[in-house]
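The lines below spell out each chain.
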Amino acid sequence: MPQKTNLKGLSREALLHFAAEQGLPKYRADQLIHWIYQKRATEIHCITEFSKELRAKLSDVAYISSLRLSNRLTSSDGTEKFLFSLEDGETVESVLITDKDRLTLCISSQVGCAMGCRFCLTGKLGLIRNLKADEIVDQVISVGGLALPRKITNIVLMGMGEPLANLDEVTEALRRIIGFVGIAKRRITLSTAGLVPKMALLAERGPEVNLAVSLNATTDQERDRIMPINRRYPIKSLIVACRRFTLGPRRRITFEYVLIEGLNDSAEDAMRLAKLVKGIRCKINLIPLNPHAGSGLKRPSEGAVLEFRNILAGLNLTVLVRESKGQDILAACGQLRAEH
Ligand code: SAH
Ligand code: SF4
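Residues numbered from 1 in each chain as written. Chains lettered and ligands numbered in written order. Predicted model: local features only at pLDDT ≥ 70, side-chain atom pairs only at ≥ 80, totals over all residues. Heavy atoms only, no water.

**A word on the packing of helix α5 (residues 133-146) against helix α6 (residues 167-181)**
Keep this limit in mind: To obtain each axis, a line is fitted to C-alpha atoms, and for helices this fit is confined to the stretch in contact; angles are then taken between N-to-C directions over 0 to 180 degrees. Only runs of H or I of at least four residues qualify as helices and only runs of E of at least two qualify as strands under DSSP, and these elements are numbered from the N terminus. Handedness of a crossing follows from how the near helix is turned relative to the far one, being left-handed for an anticlockwise turn of less than a right angle and right-handed for a clockwise one. For this analysis, residues touch if any pair of their heavy atoms sits within 4.5 Å. Here the nonpolar group is Ala, Val, Leu, Ile, Met, Phe, Trp, Tyr, Cys and Pro; Asp, Glu, Lys and Arg are the charged ones; every other residue, Gly included, is treated as polar.
Taken N-terminus to C-terminus, the directions of α5 and α6 make an angle of 35 degrees; their axes are 8 Å apart at the nearest point. Regarding α5 and α6, the two cross each other, and that crossing is right-handed. Packed against α5, whose contacting residues are Ala133, Asp134, Ile136, Val137, Val140 and Ile141, the element α6 presents Glu169, Val170, Glu172, Ala173, Arg176, Ile177 and Val181 at the interface. Its residues assigned to classes, the contact of α5 with α6 comprises nine nonpolar, no polar and four charged.

**A word on the side chain of Thr254**
Within the secondary structure, Thr254 is located in strand β12 (residues 253-259). Contact partners of Thr254, with chain neighbours within four places excluded, come to Leu211, Ala212, Val213, Lys283 and Asn285.

**A short note on the site of ligand 1**
Test applied: Nearness here has a simple test: a residue counts as near a molecule or strand if at least one of its heavy atoms is within 4 Å of that partner. Accessible surface area values rest on a Shrake-Rupley calculation with a 1.4 Å probe, where residue burial reflects the displayed protein chains alone.
In the vicinity of ligand 1, 20 residues are found, and the nearest of them are Phe119, Gly161, Ser191, Ser214 and Asn290. In the complex, 95% of the free accessible area of ligand 1, which totals 530 Å², lies under the protein chains. Counting only elements with at least two residues in the shell around ligand 1, the list comes to β10 (188-192) and β12. Grouping the constituent residues of the shell around ligand 1 by class yields nine nonpolar, nine polar and two charged.

**Examining a positive patch on the surface**
Keep this limit in mind: Within the patch definition used here, like charges are joined within 9 Å and nonpolar side chains (Val, Leu, Ile, Met, Phe, Trp, Tyr) within 5 Å, considering only residues with over 30% relative accessible area and no salt bridge. Whenever Lys or Arg places a side-chain nitrogen within 4 Å of a carboxyl oxygen from Asp or Glu, that contact is recorded as a salt bridge. Positive charge is attributed to Lys and Arg, negative charge to Asp and Glu, and no charge count is given to His or to the chain ends. Charge positions are represented by NZ for Lys, CZ for Arg, CG for Asp and CD for Glu.
A contiguous patch of positive charge on the surface is contributed by Lys100, Arg102, Arg186, Arg187, Arg252, Lys283 and Lys325. With respect to the secondary-structure elements, Arg186 resides in the loop between α6 and β10.

**A look at the packing of aromatic side chains**
As a reminder of what qualifies: Between rings of Phe, Tyr and Trp, where Trp is taken as its six-membered ring, a pair exists when centres lie within 6.5 Å; planes separated by under 30 degrees are stacked, by over 60 edge-to-face, and by other angles tilted. Only protein chains enter the accessibility calculation, which uses a 1.4 Å probe; a residue whose area is less than 20% of its type maximum is buried, one above 50% is exposed, and one in between is partly exposed. Both a distance and an angle decide whether a charge sits over a ring: NZ of Lys or CZ of Arg must be within 6 Å of the ring centre and within 35 degrees of the ring normal.
Counting across every chain of the model gives three aromatic pairs. Between Tyr257 and Phe308, the ring centres sit 5.3 Å apart and the planes meet at 25 degrees, which makes this aromatic pair stacked. Remark: Phe308 occurs in helix α12 (residues 302-314) and Tyr257 occurs in strand β12; sequence separation between them is 51 residues. Overall, Tyr257 belongs to the buried group, its relative accessible area being 1%. Sitting above the plane of the Trp35 ring, Lys39 keeps its charged end 5.0 Å from the centroid.

**Section: the domain arrangement of the chain**
The condition is simple: Marked domain ranges trace back to an automatic or database domain assignment. The term buried area means the drop in 1.4 Å probe accessible area that two parts suffer when joined, counted for both and summed. Under the rule applied, a polar contact is a pair of N or O atoms within 3.5 Å (in protein, one hydrogen donor and one hydrogen acceptor; residues adjacent in sequence only if both atoms are side-chain atoms).
Domain parsing of the chain yields domain 1 (5-63) and domain 2 (68-329). When each unit is reduced to the centre of its C-alpha atoms, the spacing between domain 1 and domain 2 is 34 Å. Contacts between the two partners involve 12 residues from domain 1, matched on the other side by 13 residues from domain 2. Interface of domain 1 and domain 2: buried area, both sides summed, is about 1000 Å²; carbon and sulfur atoms make up 55% of it. Area buried by domain 1 at its contact with domain 2 is led by Lys8, Tyr37 and Arg40, which between them contribute 57% of it. Put simply, domain 1 and domain 2 have one salt bridge between them. Lys8 is the salt-bridge partner of Asp138, the closest N and O atoms lying 3.0 Å from each other. The tally of links from domain 1 across to domain 2 stands at seven residue pairs in polar contact (both at pLDDT 80 or more). Here the side of domain 1 that touches domain 2 gets four residues from one element, more than from any other, and that element is helix α2 (residues 26-38). Of the residues assigned to the side of domain 1 that touches domain 2, the class counts are five nonpolar, four polar and three charged.

**So, the site of ligand 2**
Residues in close proximity to ligand 2 include Cys113, Met115, Gly116, Cys117, Phe119, Cys120, Gly123, Gly161 and Ala193, which together make up its full environment. Considered class by class, the residues forming the shell around ligand 2 number six nonpolar, three polar and no charged.

**Some points on the pattern of salt bridges**
Side-chain pairs of opposite charge can arise where the charged atoms are in close proximity. Counted according to the given criterion, the structure contains 14 salt bridges. With its nearest N and O atoms 2.7 Å apart, the salt bridge here joins Glu172 to Arg176. Linking Glu172 with Arg176, this pair stays in helix α6, spanning four residues, or about one helical turn. The class of Glu172 is buried, set by a relative accessible area of 15%.

Quick look at the structure:
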């Protein structure tokens, strides 16, 4: 018997093709999209808009995959972490963060990550595999259901993995998050460690989402030490790519900068940082390191963090200190490692 088709794995074009194959009119494909992405149907039998006969007919040839929730933790600050099992037994994490009137979901794009940044636990895993588009979108659908009656307002691709290392699946997932789930592209941010050639491809092919760049250092010597990707795409090439990245009106690039004691947190660093981003429409998010055992890296004191911020603010840059949320449940930046 031929394998059943996973309806959640299909783009709009592929769903139209599927409907045609089944002898169904076009509008059936849009009904499927509505039921899968808006009503969160996980079984064809739940699609009550279809007759019993049609549901039975479709169930013979197709199914709707769904992530299995295997753990859910709530932090003392309200941040929630969801651990999902995938069809092959791998696991990924998504983190839901409440911030004033926003409900932001941080999603993963890979199981593990190949980039090996020294400060990041996900990096320690190495790359296990890329997520498929449906596994990326399904984090939004599933958490969307689990979070009810609250509504997810923003999406950040800052969970496990380097999104630009999985560009095709990520851009397809983005198209579905925007077009099917209905989250506006200006409320979506993709964060990259700086895969320079892929940044241009994203601008060319991808939906126009916000871009965040994990800069994290101001000299190649420093950045080489903590982000091996810098040896391939050094700071200069990264900044050129940022300058070339097309931004919509009123949009800005976010530079993320993980502050590490004695490594990248000096006054000279702050000044060099300001110089590097000069002329780029941007904001800077300072993230004091969430340390973990064995990395040998430390978080700077609160005073040092403020001093760094003040130098940048004094140079008229928009700068925010982002306190990582959910540290008690290992949900903060760089703490995601699923159950590995
Ligand atoms: N791979 C992408 C997106 C995931 S990481 C990227 O690197 O941009 C999301 C953010 O968490 C990055 O800005 C990264 O620099 C930051 N981060 C990673 N480990 C951290 C840690 N231990 N403490 C604080 N921030 C960390
Ligand atoms: Fe990968 Fe980002 Fe972690 Fe670096 S910081 S290892 S790119 S997830």
